Amino acid sequence: MADIESFIKGEQPEIELRADIGPLIGRLETKLKAAGVTGRRGEPEKKLEYAVRLMIELGLGLRASDIHLSPHIREDGRGNIGMLRYRIDGILHPEAEIDPRLLPAITGRWKTVAGCNPTETSAPQNGRSLLNVRGEELDLRISFHPSVLGESITARILSSKQVIQALSLDRIGYARSDLDRILKALKAPAGMIIVSGPAGCGKTTNLYASVRQIAGPGLKVMSVEDPVEFLLPWVVQARIREEFTFPAAIRSFLRSDPDVIMIGEIRDYQTLALAQQAALTGHLVLTTLHAGNAAGALKRLVDIGSDPLIVRDAASLILAQRLVRRLCVHCSIEAAPTPDSLTAAERIAREGGVNWKELPKKFRKAVGCPKCYLGFRGRTVIAETLEMTPEVGRLLLEGAPAEEIERAAVGQGMITFAADGMRRAAAGETTIEEVLLTLALK
Ligand SMILES: [Zn+2]
């Protein structure tokens with residue numbers, strides 16, 4: 001109780017270090033130097049505070065999206081270890097092992113940073129911290145999860161500079177033809193633009209960037225999300241709650257005279273039917289759907305329960321996408337792919353609408369340097385855009401399978417995201433293996 005009272009009064013409990021934190025600080029400093037972050041040291045501070053700050057700075061230096069720190073049993077079963085890992089371009093990389101005796105103190109410090117209660121160790125907690133780290137404004141969303149070995153920490157790093165840059169359609173990395181189709185659909189006064197793909201393929205980023213592209217004083221834009229991830233200018237944003245569901249939000253929108261409606265995700269028939277009603281009554285609707293590819297997304301709308309005729313009339317553009325890691329421009333080198341990779345790439349490209357023979361080939365491979373992570377730096381989107389043409393509409397009404405709809409769309413100029421990926425590999429932006437790896441993920 002005394003601890004809680006002093007915490008409420010704003011006093012920091014003295015955190016006891018049960019082992020030497022010096023070696024961890026040394027490792028983090030070395031890693032930070034290797035990541036190219038050098039120079040300015042902050043104010044003198046206690047070792048524990050310094051160690052946690054280094055963890056955050058390393059996240060920034062590695063351009064990580066998340067910091068993960070959790071206790072694990074060793075692979076040989078002999079005792080526990082704290083693992084500090086960073087998610088970089090979608091992949092989790094271990095960066096340091098931490099003496100498990102240090103974990104309670106480090107977790108306590110993270111809780112103070114997050115504005116959470118350091119004395120609560122058995123319940124999940126969520127916190128947030130706005131920090132200026134080496135001149136960059138960071139928004140950290142920090143979660144604490146009790147595990148049987150101790151608490152696990154996850155910190156999502158949002159850099160306001162990176163967020164604003166990322167939320168721009170022409171910086172996401174769409175091929176020119178896809179970008180043109182997206183911009184054309186966004187200019188229409190009505191219709192439904194559906195972004196599909198699995199979790200973590202950049203659907204939400206596309207949605208935000210699309211809305212940002214058109215929102216302004218002359219349009220009323222209303223959005224409902226789960227949750228609201230970024231605040232956008234000129235958009236009335238709401239998040240769903242128990243009583244305020246997606247359908248309830250759309251019904252409310254329709255009484256609020258909007259021009260553009262953004263719906264975080266379509267998960268059920270009721271939401272879909274209302275979204276279609278909005279699209280058919282003069283509103284531009286932007287939403288996302290969990291589906292494998294663009295043709296599959298159309299079929300999924302029918303599976304959810306929609307009349308194919310309404311799907312045809314409401315949908316204007318179906319986008320499907322994946323993210324692939326980009327080769328580092330500082331260290332990648334020219335290299336011919338293996339014959340197997342080349343055969344796979346050629347088949348995928350040809351089936352997906354790319355004229356492989358006439359494509360200039362500038363294959364490169366990953367090397368690795370201080371400016372990147374294992375030869376890759378950042379990600380780009382590979383995408384396909386399916387327009388609701390009369391031919392696609394006819395096949396949909398006939399109940400044709402997704403493969404047939406896709407073939408028809410490719411015949412009319414669509415390039416599948418798989419083929420787009422191979423085109424990027426041929427241009428030296430990424431590698432065939434990286435695209436194949438992404439395509440294999442469900
Ligand atoms: Zn590099």
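All of these numbers come straight from a predicted model, not from anything done at the bench.

## Brief notes about the sheet that holds strand S4 (residues 125–133)
The pairing of strands in a sheet comes from backbone hydrogen bonds and takes either a parallel or an antiparallel form.
No. 1: Spatial ordering of the open sheet is given by S3-S2-S1-S6-S5-S4, a layout of 6 strands whose pairing is antiparallel. A single partner strand is all that each edge strand has here, and the edge strands are strand S3 (91–98) and S4. Strand-to-strand twist across the sheet, computed as the mean angle between neighbouring axes with direction ignored, equals 25°.
No. 2: The strands that helix H2 (residues 22–34) touches are strand S2 (80–88) and S3; relative to S3, the one it contacts most, it runs at about 145°.
No. 3: Docked against the sheet, helix H4 (residues 103–114) engages strand S1 (66–73), S2, S3, S4, strand S5 (136–147) and strand S6 (150–159), running at close to 130° with respect to S5.

## As for the pattern of salt bridges
No. 1: Evaluated as defined, the whole model comprises 24 salt bridges.
No. 2: With a shortest N-O distance of 2.6 Å, Arg128 and Asp139 are connected by a salt bridge. Of the two residues, Arg128 is situated in strand S4 and Asp139 in strand S5; the sequence distance between them amounts to 11 residues.
No. 3: For Asp139, a relative accessible area of 11% puts it in the buried group.
No. 4: Between Arg176 and Asp180 there is a salt bridge, with its nearest N and O atoms 2.9 Å apart. Of this pair, Arg176 and Asp180 are both found in helix H7 (residues 176–187), 4 residues apart, which corresponds to roughly one turn of the helix.
No. 5: Since its relative accessible area comes to 55%, Arg176 is described here as exposed.

## Observations concerning the UniProt feature "domain: Bacterial type II secretion system protein E" (unreviewed entry) in the protein
No. 1: Those residues carrying the UniProt feature "domain: Bacterial type II secretion system protein E" (unreviewed entry) are residues 254–268 in this numbering.
No. 2: When the span residues 254–268 is considered, its composition is 7% helix and 27% strand, and the gap between its end C-alpha atoms is 19 Å.

## Notes on the sheet that holds strand S7 (residues 191–196)
No. 1: If you walk across this open sheet you meet the 7 strands as S9-S8-S10-S11-S7-S12-S15, and the pairing is mixed. Unpaired on one side and paired on the other, strand S9 (235–239) and strand S15 (376–387) mark the two borders of the sheet. Ignoring strand direction, the axes of neighbouring strands in this sheet form an average angle of 20°.
No. 2: With respect to the sheet, helix H9 (residues 246–254) is in contact with strand S8 (221–225) and strand S10 (260–263), its orientation differing from that of S8 by roughly 170°.

## Concerning the environment of Gly218
No. 1: Inspection of the secondary structure puts Gly218 in the loop between helix H8 (203–214) and S8.
No. 2: When its relative accessible area of 72% is taken as the criterion, Gly218 is described as exposed.
No. 3: Spatially, the C-alpha atom of Gly218 lies 53 Å from that of Lys46, the residues being 172 residues apart in sequence.

## Considerations on the environment of Val195
No. 1: Following the sequence through the fold, Val195 ends up in strand S7.
No. 2: Put simply, Val195 and Ala315 are 120 residues apart on the chain and 11 Å apart in space, counted from C-alpha to C-alpha.
No. 3: Setting aside residues no more than four positions away along its own chain, Val195 makes contact with Lys203, Asn206, Leu207, Thr287, Thr288, Leu289, Leu319 and Gln321.

## A short note on the coordination of the zinc ion
No. 1: Protein coordination at the zinc ion comes from Cys328 (SG), Cys331 (SG), Cys369 (SG) and Cys372 (SG), with a distance range of 2.3 to 2.4 Å.
No. 2: Taken together, the 4 donor atoms surrounding the zinc ion define angles of 103 to 113° at the centre, an arrangement classified as tetrahedral.
No. 3: Counting along the primary sequence, the residues that act as donors to the zinc ion give the motif C-x2-C-x37-C-x2-C. The two residues Cys328 and Cys331 agree in class, both being buried.

## Thoughts on the packing of aromatic side chains
No. 1: Evaluated as defined, the whole model comprises 1 aromatic pair.
No. 2: Here Trp356 and Phe363 contribute two aromatic rings whose centre-to-centre distance is 6.3 Å and whose plane-to-plane angle is 45°, an arrangement assigned as tilted. When sorted by exposure, Trp356 lands in the same class as Phe363, which is buried.
No. 3: The ring of Phe376 has Arg325 lying over it, and the distance from NZ or CZ to the ring centre is 4.1 Å.

## Looking at the domain arrangement of the protein
No. 1: The domains assigned to the protein are domain 1 (2–162) and domain 2 (167–440).
No. 2: Taken over C-alpha atoms, the centre of domain 1 sits 35 Å from the centre of domain 2.
No. 3: Buried area between domain 1 and domain 2, summed over both chains or domains, comes out near 910 Å², and the portion from carbon and sulfur atoms is 52%.
No. 4: If you sort the residues of domain 1 by the area they bury against domain 2, Arg63, Asp89 and His93 come out on top, with a joint share of 49%.
No. 5: Remark: the boundary between domain 1 and domain 2 carries 0 salt bridges.
No. 6: Here domain 1 and domain 2 share 2 residue pairs in polar contact (both at pLDDT 80 or more) between them.
No. 7: The element that contributes the greatest number of residues to the side of domain 1 that touches domain 2 is S3, accounting for 4 residues.
No. 8: The residue inventory of the side of domain 1 that touches domain 2, partitioned by class, reads 7 nonpolar, 2 polar and 4 charged.

## Quick notes on the nonpolar core
No. 1: Formed by 61 residues in total, the largest nonpolar core has its most connected members in Met192, Leu298, Trp356, Leu386 and Ile405.
No. 2: If near-sequence neighbours (up to four positions away) are discounted, Met192 is found in contact with Ile266, Leu272, Ala275, Gln276, Ala279, Val285, Thr287, Ala314, Ala315, Ser316 and Leu317.
No. 3: Membership of the second largest hydrophobic core comes to 43 residues, among which are Ala35, Met55, Ile88 and Ile157.

Cut-offs applied
- Residues numbered from 1 in each chain as written.
- Predicted model: local features only at pLDDT ≥ 70, side-chain atom pairs only at ≥ 80, totals over all residues.
- Heavy atoms only, no water.
- Pairing = 2+ DSSP bridges.
- Helix = DSSP H or I, 4+ residues; strand = E, 2+ residues; numbered from the N terminus.
- Axes fitted to C-alpha atoms, helices over the stretch in contact; angles between N-to-C directions.
- Contact = heavy atoms within 4.5 Å.
- Salt bridge = Lys/Arg side-chain N within 4 Å of Asp/Glu carboxyl O.
- Buried < 20%, exposed > 50% of the residue type's maximum accessible area, 1.4 Å probe, protein only.
- UniProt positions renumbered as here; feature names shortened; annotations may be inferred.
- Donors = N, O, S within 2.8 Å, 3.2 Å for Na, K, Ca; no water.
- Tetrahedral: all angles 85-135°; square planar, octahedral: opposite > 155°, others 65-115°.
- Phe/Tyr/Trp six-rings, centres within 6.5 Å; stacked < 30°, edge-to-face > 60°.
- Lys NZ or Arg CZ within 6 Å of the ring centre and 35° of its normal.
- Domains from an automatic or database assignment.
- Buried area = accessible area lost by both parts, 1.4 Å probe.
- Polar contact = N/O pair within 3.5 Å; in protein donor to acceptor, adjacent residues only side chain to side chain.
- Nonpolar A, V, L, I, M, F, W, Y, C, P; charged D, E, K, R; others polar.
- Core = buried A, V, L, I, M, F, W, Y, C linked by side-chain atoms within 4.5 Å.

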